Protein chains: 2
Amino acid sequence: MSGADLNVVALCGGVGGAKLAYGLNRLLGAKLAVIVNTGDDFEHLGLTISPDIDTVVYTLGELADEERGWGRAGESWNFMEALGGLKGETWFRLGDRDLAMHVLRSRALSAGVTLTDFTGRIASHLGIEASILPMTDDPFATIVVTADQKLAFQRYFVELQARPEVRKIEFQSPSGGTATSAALRAIGVADAVIVCPSNPYLSIDPILAVPGIRAALDAAKAPIVAISPLVGGRAIKGPTAKIMNELGVATNCVSIVRHYGFLDGLVMDREDQADADAVGIPVHVTNTIMRSKDERVELARECLRFLDRLNS
Amino acid sequence: MSGADLNVVALCGGVGGAKLAYGLNRLLGAKLAVIVNTGDDFEHLGLTISPDIDTVVYTLGELADEERGWGRAGESWNFMEALGGLKGETWFRLGDRDLAMHVLRSRALSAGVTLTDFTGRIASHLGIEASILPMTDDPFATIVVTADQKLAFQRYFVELQARPEVRKIEFQSPSGGTATSAALRAIGVADAVIVCPSNPYLSIDPILAVPGIRAALDAAKAPIVAISPLVGGRAIKGPTAKIMNELGVATNCVSIVRHYGFLDGLVMDREDQADADAVGIPVHVTNTIMRSKDERVELARECLRFLDRLNS
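These numbers were taken from a predicted model, which means no experiment stands behind them.

1. Considering the packing of helix 4 (residues 96-110) of chain B against helix 5 (residues 115-125) of chain B
Residue and element names in this part refer to chain B. Relative to each other, helix 4 and helix 5 sit at 140 degrees, their axes nearing to 10 Å. By the angle between their directions, the pair helix 4 and helix 5 is classed as oblique. Read as a crossing pair, helix 4 and helix 5 show a hand that is right-handed. Across the interface between the two elements, Met 101, Leu 104, Arg 105, Ala 108 and Leu 109 of helix 4 pack against Leu 115, Phe 118 and Ile 122 of helix 5. Within the contact of helix 4 with helix 5, the residues separate by chemical class into seven nonpolar, no polar and one charged.

2. Topic: the packing of aromatic side chains
All names here are of chain A. Taken as a whole and assessed by the stated rule, the structure comprises 15 aromatic pairs over all chains. Three or more aromatic residues joined by ring pairs make a cluster, and in this case those are Phe 42, Trp 91 and Phe 92. Here the guanidinium or amino end of Arg 296 rests over the ring plane of Tyr 22, the centre of that ring lying 4.8 Å away.

3. Describing the sheet that holds strand 8 (residues 168-172) of chain B
Residue and element names in this part refer to chain B. Ordered in space as 7-6-8, the three strands form an open sheet in which the pairing is antiparallel. Two strands in the sheet have a free side with no partner beyond their single neighbour: strand 7 (150-152) and strand 8. With strand direction ignored, the average angle separating the axes of adjacent strands in the sheet is 35 degrees. Helix 8 (residues 200-209) contacts strand 6 (141-145) and strand 8 of the sheet and is inclined by roughly 40 degrees relative to strand 8.

4. Considerations on the pattern of salt bridges
For the structure shown, the criterion picks out 30 salt bridges over all chains. What you see here is one network of salt bridges that share partners, running through Glu 89, Arg 155 and Glu 159 of chain A together with Arg 107 of chain B.

5. Points about the interface of chain A and chain B
Contact with chain A, which involves 25 residues of that partner, is made by 26 residues of chain B. Where chain A abuts chain B, roughly 2400 Å² becomes buried across the two surfaces, and 67% of that area is made up of carbon and sulfur atoms. Interface area lost by chain A to chain B is led by Leu 86, Arg 97 and Arg 107 of chain A, which between them contribute 25%. Our count for the contact surface shared by chain A and chain B stands at four salt bridges. In this structure, Arg 107 of chain B engages Glu 89 of chain A in a salt bridge whose closest nitrogen and oxygen atoms are separated by 3.2 Å. Scanning the region where chain A abuts chain B turns up eight residue pairs in polar contact (both at pLDDT 80 or more). When residues of the side of chain A that touches chain B are traced back to their parent elements, those giving at least two are helix 3 (78-85), helix 4 (96-110) and helix 5 (115-125) of chain A. When residues in the side of chain A that touches chain B are grouped by element, the largest group, eight residues, is from helix 4 of chain A. Broken down by class, the residue content of the side of chain A that touches chain B amounts to 12 nonpolar, six polar and seven charged.

6. Some thoughts on the relation of the copies chain A and chain B
Overlay of chain A on chain B (RMSD 0.0 Å): rotation 180 degrees, translation along the axis 0.0 Å. Viewed as a symmetry operation, the transformation between the two copies matches a two-fold axis. For chain A, the smallest separation between a C-alpha atom and the rotation axis is recorded for Asp 96 of chain A, amounting to 2.9 Å. Counting the interface residues of chain A, we find that 100% of their copies in chain B are interface residues as well, pointing to one common contact surface.

The rules behind these values
- Every chain is numbered on its own, with residues counted from 1 as its sequence reads.
- Chains carry letters and ligands carry numbers; both start at the beginning, A for chains and 1 for ligands, and go up in the order they are written.
- Given that the model is predicted, a residue must reach a pLDDT of at least 70 before its local features are reported, and side-chain atom pairs must reach 80 or more before they are shown or counted; all residues, however, enter totals for whole chains, interfaces and linings.
- In computing side-chain properties, one takes all heavy atoms of the structure into account and sets aside hydrogens as well as water.
- The angle between two axes is taken between their N-to-C directions and runs from 0 to 180 degrees, where each axis is a line fitted to C-alpha atoms and a helix contributes only its stretch in contact.
- Note on conventions: DSSP H or I runs of at least 4 residues are helices, E runs of at least 2 residues are strands, and numbering of each starts at the N terminus.
- In these notes the angle categories are as follows: under 35 degrees is roughly parallel, over 145 is roughly antiparallel, 65 to 115 is roughly perpendicular, and the rest is oblique.
- The hand of a helix crossing depends on one turn: near helix anticlockwise from the far one by less than a right angle means left-handed, and clockwise means right-handed.
- Should any heavy atoms of two residues lie within 4.5 Å, those residues are counted as being in contact.
- Classes in brief: Ala, Val, Leu, Ile, Met, Phe, Trp, Tyr, Cys and Pro nonpolar; Asp, Glu, Lys and Arg charged; the others, Gly included, polar.
- Aromatic rings from Phe, Tyr and Trp, with only the six-membered ring used for Trp, were paired whenever their centres fell within 6.5 Å, and each pair was classed as stacked if the ring planes differed by under 30 degrees, edge-to-face if by over 60, and tilted otherwise.
- The criterion for a charge sitting over a ring is simple: Lys NZ or Arg CZ within 6 Å of the ring centre, and within 35 degrees of the ring normal.
- Two strands make a pair as long as DSSP finds a minimum of two bridges between them.
- Any carboxyl oxygen of Asp or Glu within 4 Å of a side-chain nitrogen of Lys or Arg constitutes a salt bridge here.
- Buried area is a sum: the accessible area each of two parts loses on coming together, probed at 1.4 Å, counted once for each and added.
- Polar contact is defined as a pair of N or O atoms within 3.5 Å, subject to the rule that within protein one atom must be able to donate a hydrogen and the other to accept it, and that residues adjacent in sequence are counted only when both atoms are side-chain atoms.
- Alignment of copies: least-squares fit on C-alpha atoms of residues with pLDDT of at least 70 in both copies.

Listed below in structure tokens is the structure:
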């Protein structure tokens, strides 16, 4: 069985993860299921916002703004401008095109449609072959604990621009949220699991914290590989390295492997090759920076090759 | 007491009425209360839309698109385009800037704020001196009865472009909606009531049908004058004349006066001067077409002069 015949599950957060998911979708199509972090989801202006789901949907649907790194290409901001004029809250920027997603989602959810079904419907409208699966359909919130307060994720990440020093990250699920049956089924039939190069603390840990996910991964016979989000000990984007520093963890691949604890292999960047022996599990060294769509596909191909090797 | 010292209540629908309300606001400022039809309000895409309120707010707030006749100036339509791409409903056009109002209103109402308070807050942010008062804070719907169906107002007016033949117009208020205390108070202290040149059937009748309004008008000692929405037997805009034909009513000023039944005076266009004697109440003949902002103020001034004459 070669890489492109595998049923693959990818665990994914926002931008960096979505880039790899894009490459995997190009190679695997319907054989790919992307389980996406919803710990960042929140209610804003009465709308339900699912930032990571939307980044994955827009990226795989070829609608993403590649330069800005979030939201839609060709976006305009007249809603925000008018909102400011009416003295509404403007700290979280919602583009005019992006709003269509939030309005449709909010209406669907309040009509009793699950986030999984809504996301599947939208992905299908956009011609996306992979399954994009929220980790849970229940309320589940990532909370950033600082020295003196507990911050809802978007307050920390967007409003305070990830400046506060992180002491701990917690997950809150008032209704005892569980993994969706679609996500558990995808893990159950997976030939391989890929942990995307997303922020381990803010994007992947929430997925692993959803009751049911970790047990399903432990029960799966599929090998699990992660792509290190670090390149030369730094994060390409976002506060991964900053948070590792704040938590007193060395910013290297060894820490990533230890943090997850269940990996069968690690894909790491050439810049980090010196760590290859120290990580203690099989590694695949390659270029992990995805500057172009071709490089996303190339990294996806490298991951599948690595999985082939582990499977053989 | 001259016109500009009067406490005036204006009963108002959308575009035509809002133009006169603009003129009145310029002359009267805080001495004007505009009681606005909410029978067209509806839920769409999970948002609460109040078309006539918004037209009055945008017009008095100098934000209206004067050429299109509805919505905001400098509007863009990227939300609608994206909505179509996600297979959302696009028959009711919501501009990107306009959406800010609907999102803020929907959130306020679901948090328990009344439509009256929300509208007052927005009007104040926009520096509008007049009070803009919804006729009711309760659900209250105008229903258009055709030969074979009952149509919610926006389905009739926007989706079917007012094409179906009207047999009857009904008003539905599932929770037994009543006039707001603010609207009743305004009528109670009014020195004069002006029925704007809005559609009598679709815009003014809903206001008169709200329990409490008609009784307050009957109890008020203030003279009530209407501005005929017809010019030469035709409506400037919208289906007033078409509906009068469908209901078997002659499209002239006599019909307007008979329809209301409680007027103390009628302001009519020069083109209709021939009807002046037949209407049976005092009339004021002037230009009623408001092509410019100056003409709005001029017609407002003519109305106040006429009221002065009736009051003296």
